[in-house]
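Next come the chains, spelled out residue by residue.
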Amino acid sequence: MATPDQKSPNVLLQNLCCRILGRSEADVAQQFQYAVRVIGSNFAPTVERDEFLVAEKIKKELIRQRREADAALFSELHRKLHSQGVLKNKWSILYLLLSLSEDPRRPPSKALPRDAHSTPYYYARPQTLPLSYQDRSAQSAQSSGSVGSSGISSIGLCALSGSAPAPQSLLPGQSHQAPGVGDGLRQQLGSRLAWTLTANQPSSQATTSKGVPNAVSRNMTRSRREGDTGCTMEITEAALVRDILYVFQGIDGKNIKMNNTENCYKVEGKANLSRSLRDTAVRLSELGWLHNKIRRYTDQRSLDRSFGLVGQSFCAALHQELREYYRLLSVLHSQLQLEDDQGVNLGLESSLTLRRLLVWTYDPKIRLKTLAALVDHCQGRKGGELASAVHAYTETGDPYMRSLVRHILSLVSHPVLSFLYRWIYDGELEDTYHEFFVASDPTVKTDRLWHDKYTLRKSMIPSFITMDQSRKVLLIGKSINFLHQVCHDQTPTTKMIAVTKSAESPQDAADLFTDLENAFQGKIDAAYFETSKYLLDVLNKKYSLLDHMQAMRRYLLLGQGDFIRHLMDLLKPELVRPATTLYQHNLTGILETAVRATNAQFDSPEILRRLDVRLLEVSPGDTGWDVFSLDYHVDGPIATVFTRECMSHYLRVFNFLWRAKRMEYILTDIRKGHMCNAKLLRNMPEFSGVLHQCHVLASEMVHFIHQMQYYITFEVLECSWDELWNKVQQAQDLDHIIAAHEVFLDTIISRCLLDGDSRALLNQLRAVFDQIIELQNAQDAIYRAALEELQRRLQFEEKKKQREIEGQWGVTAAEEEEENKRIGEFKESIPKMCSQLRILTHFYQGIVQQFLVLLTTSSDESLRFLSFRLDFNEHYKAREPRLRVSLGTRGRRSSHT
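Keep in mind it's a predicted model, so treat the numbers as computed, not measured.

**Q** I keep staring at helix α30 (residues 759–805) and nothing clicks. Help me out?
**A** Every α-helix winds through 3.6 residues per turn, so residues three or four apart in the chain are directed the same way. Helix length check: α30 (47 residues) gives 68 Å between terminal C-alpha atoms against 69 Å at 1.5 Å per residue, within 8%. Positive backbone phi, at 85°, marks Gly807, one or two positions downstream of α30.

Following this line, the structure appears as structure tokens:
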């Protein structure tokens, strides 16, 4: 006799059948053959793979048979079996035992079971459901298996002999579930597909149950199948169910068709249906309409290459959801086919009714409605704009809908995040279909890379990325490209930034969305600070950006006082000549002489090499003073800060300051003339009035120019420069430096009266400068005439003394008469000189008064205070009524205007 280890599987299976049924080998031959056929077949179990559920079903079956002791013994044995790891497929063994214990030859019960028409059990998605879609094929097999359980059970009942109680629902709606495969299914599918169709029990005699119409309709269908055509039949519910399953896929049924005019599914008008069935069918057909809308969108967009990667990801997400929906439909079709076969063999009623389809398709309908709403909202959108449209639907209080949209968003935003990480870590931008919010202009040259090459495409900024984050993202990639292309710094990005793991999959993107304010913000901030700091270090250490900025202040804004004064002294002989007679190489030589003779010689050779002379465009009548200007050459990376516009501003300010400095230089010469000539002309008392008028007018001009120079030098240049320097020291990126520098230039342009709003003030100021030049010319002419007269008088006296020494008469009567005549002519010219000075004074004071009136109405408070200092003794206020308004009233009036 063979030992147990040597027994074949067939012998073991036959012994198992005998042991379970308690009969001999001859009596269990039919059951043994069926068991062999089941084990050798490819049938997959159609119930949920939950060991706990099958064990509970076995215990309930034992209790129903009033075998409580066996149920308790089974529970204890199952507990012990569960604690051991010897058997791997405990669920399969329990399911086989359950199937073998059922006897299909037992006559059906006279009444429907308690849960024959109960709604199917489905799981609610937990709020912490992970949006993971791995092993979908396994999940679909498990979920689809739960629907056709009655089919396999019925096959087993047909083959096994003996009487058995009526089969109950394979998956009653328990309020708790055991951990295991069922939990895995719930975690993967949630409420989308995790519903189990309750197997309906056969009932041919119950007349008070809700299932009676359904049973009658199935019997009518079977009688039609069997050739009973003796009477005309109405459209049955079973036929409607079959049509509905086709409509779910967007296919017209025999009785339910798409009405293109009204854009909806309608039941054929000639169909003989009750109103309730017709309304239910129409409600169910909405699922097909939603399916068609989604499918039409995906079919159109999937072939459109210009839709971009984000759009294709959106279509892929919709396809995933439709695949899950198709799995549900395949399960329903399989169930219908199985029930048709069972109905023919056993006369069972259908579990697929319109009312149950309403319940079972409730969650899929919500899901499709959400997808259809997304499709409508995303029409005409692409790239980051499409991601924003999807993200807008995550702001909902429905956790089921929010989890669905977040999963779709993780797929849709994955290309955007891939673009983003490649940009901030490598500086690469491969956006073929213009989906990313950073745009590149390939026509821009390298010298304008920072300003014009890369910009923000604001319509493509996803709503989950703030404007500040997008600005930082732009700056990060722009800094990397600036370093590589302009600074010629090929340092790898890994040395600038501690590169962290990017979003390599949609799951990474989904995880990122859960912590946008921390994880994502942290990545952006780290890359931004490290890249910007490295760029500023390169500009300051390698290209001396701050040194060049200080050089601009010293030379173009006249901050190097000794150099400017000495240069003006050296240039005076050249600049008084007509502008057309100047040569740049002569002026350049004078510039180098001034550098070597002052503290400018101690500057860096790189700075002095860039300092040069520039001649402006010559107009007729211009002198050298009108066309001379200093220049500073900028190129390379520093030209990004000192752009052409900035350099033109510097030249404008330099010309204004140079002109004001020249006025100061002229007034100094005038005062020198006063000091030197006062003693010489002491012997001409008739000339004292002219000298007095010259002194008074020159003093007024000196006061005016000193106050203007103080205002320009300290209140404008020094204060603005100090503010600029503080901002530059605290700057976090190059944009901050550029912005601070532009604000500095705009401030000094406006406060030096060089902007459009101050044109009237500037014209008055230039008129004052012209009057100073007129005074210099008038005084030179007066002094020249007075000195010539003094020289003639001295020569006459010398000649007279010389003759007296020689013993002759000093002068003859004719000579004396001629001398007196000449002196008389000179004295007659003095009133003309005085009137000329009075006219000059009148014009000058009128211009100053008008200038002060404009200052009092200025919106700039510093200019209003300048008017107070210019008229500190109220000299002009006494002459001009418009200046008699108090300073506070002026401020209020200007603020109202």
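And the narrative resumes.
**Q** Please clarify how the packing of aromatic side chains should be interpreted in this entry.
**A** The geometry of an aromatic ring pair comes down to the distance between the two centres and the angle between the two planes. With the rule as written, the count across this model stands at 18 aromatic pairs. Look at Tyr325 and Tyr326: their rings are 6.1 Å apart centre to centre, the planes differ by 45°, and that puts the pair in the tilted class. Their ring planes at 25° and their centres at 5.7 Å tell us that Trp721 and Trp725 sit as a pair that is stacked. Of this pair, Trp721 and Trp725 both sit in helix α28 (residues 688–730), four residues apart, roughly one helical turn. These aromatic residues form a ring-pair network of at least three members: Trp625, Phe628, Phe654 and Trp658. In this arrangement the basic side chain of Arg301 is found over the ring face of Phe307, its NZ or CZ atom lying 4.7 Å from the centre. One residue, Lys453, lies across the ring of Tyr454, its end atom 5.9 Å from the ring centre.

**Q** Would you mind going over the pattern of salt bridges with me for this structure?
**A** Pairing of side chains with opposite charge becomes possible as their charged atoms draw close. All chains considered together, the criterion is met by 40 salt bridges. We note a salt bridge from Arg295 to Asp299, for which the minimum N-O separation is 3.1 Å. Pair noted here: Arg295 and Asp299 are both in helix α11 (residues 275–302), with a separation of four residues, about one helical turn. Residue class for Arg295 comes out partly exposed when judged on its relative accessible area of 31%. Looking at Asp299, the relative accessible area reads 37%, which means it is partly exposed. A salt bridge links Glu789 to Arg822; the shortest N-O distance between them is 2.6 Å. In this pair, Glu789 is assigned in helix α30 and Arg822 in helix α31 (residues 813–856), connecting sequence segments 33 residues apart.

**Q** Which parts of the structure should I look at to understand a nonpolar patch on the surface?
**A** Where nonpolar side chains cluster on the molecular surface, the patch consists of Leu16, Ile20, Val86, Leu87, Ile93 and Leu97 and spans about 460 Å² of accessible area. Put simply, the parts of the chain that give the nonpolar patch at least two residues each are α1 (9–21) and α5 (90–101). Mapped onto the fold, Leu97 is located in helix α5. With relative accessibility at 32%, the residue Leu97 sits in the partly exposed group.

**Q** What exactly am I supposed to notice about the confidence of the model for the protein here?
**A** The predicted coordinates of low-pLDDT regions are not to be read in fine detail. Put simply, the protein has an average pLDDT of 79, and 78% of its residues get 70 or more. In the predicted structure, residues 887–897 sits below a pLDDT of 50 and forms 12 contacts with residues beyond four places in sequence or in another chain.

**Q** What exactly am I supposed to notice about the packing of α30 against α31 here?
**A** To describe two helices that pack against each other, one gives the angle between their axes and the distance between the axes. Packing of α30 against α31 brings their axes to within 10 Å, and their N-to-C directions diverge by 165°. Classified by the angle their axes make, α30 and α31 are roughly antiparallel. The element α30 and its partner α31 pack so that their crossing is left-handed. Among the residues forming the contact of α30 with α31, the class breakdown is 23 nonpolar, four polar and 10 charged.

**Q** Mind showing me how you'd approach the state of the cysteines here?
**A** What we call a disulfide is simply a covalent bond connecting the sulfur atoms of a pair of cysteines. If you walk through the whole model with that rule in mind, you get zero disulfides. We note that Cys834 lacks a disulfide partner, and the nearest cysteine sulfur, in Cys694, lies 8.6 Å from it.

**Q** Would you explain the nonpolar core in this entry?
**A** Soluble globular proteins: nonpolar side chains tend toward being buried together. Residues Phe563 and Phe687 are the most contacted members of the largest nonpolar core, which totals 200 residues. Element by element, the count of residues in this core is highest for α28, at 17 residues. What Phe687 contacts, discounting residues up to four positions off in sequence, is Leu681, Ile782, Ala786, Phe826, Ile830 and Met833. Within the second largest apolar cluster, 10 residues are counted, among which are Ile58, Leu62, Leu94 and Tyr95.

Rules and cut-offs
- Residues numbered from 1 in each chain as written.
- Predicted model: local features only at pLDDT ≥ 70, side-chain atom pairs only at ≥ 80, totals over all residues.
- Heavy atoms only, no water.
- Helix = DSSP H or I, 4+ residues; strand = E, 2+ residues; numbered from the N terminus.
- Expected span 1.5 Å × (residues − 1).
- Phe/Tyr/Trp six-rings, centres within 6.5 Å; stacked < 30°, edge-to-face > 60°.
- Lys NZ or Arg CZ within 6 Å of the ring centre and 35° of its normal.
- Salt bridge = Lys/Arg side-chain N within 4 Å of Asp/Glu carboxyl O.
- Buried < 20%, exposed > 50% of the residue type's maximum accessible area, 1.4 Å probe, protein only.
- Patch = residues over 30% accessible without salt bridge, like charges linked within 9 Å, V, L, I, M, F, W, Y side chains within 5 Å.
- Areas by Shrake-Rupley, 256 points an atom, 1.4 Å probe, with all protein chains shown as cover.
- pLDDT = per-residue confidence, 0-100.
- Contact = heavy atoms within 4.5 Å.
- Axes fitted to C-alpha atoms, helices over the stretch in contact; angles between N-to-C directions.
- Parallel < 35°, antiparallel > 145°, perpendicular 65-115°, else oblique.
- Left-handed = near helix turned anticlockwise from the far one by under 90°.
- Nonpolar A, V, L, I, M, F, W, Y, C, P; charged D, E, K, R; others polar.
- Disulfide = S-S within 2.5 Å.
- Core = buried A, V, L, I, M, F, W, Y, C linked by side-chain atoms within 4.5 Å.

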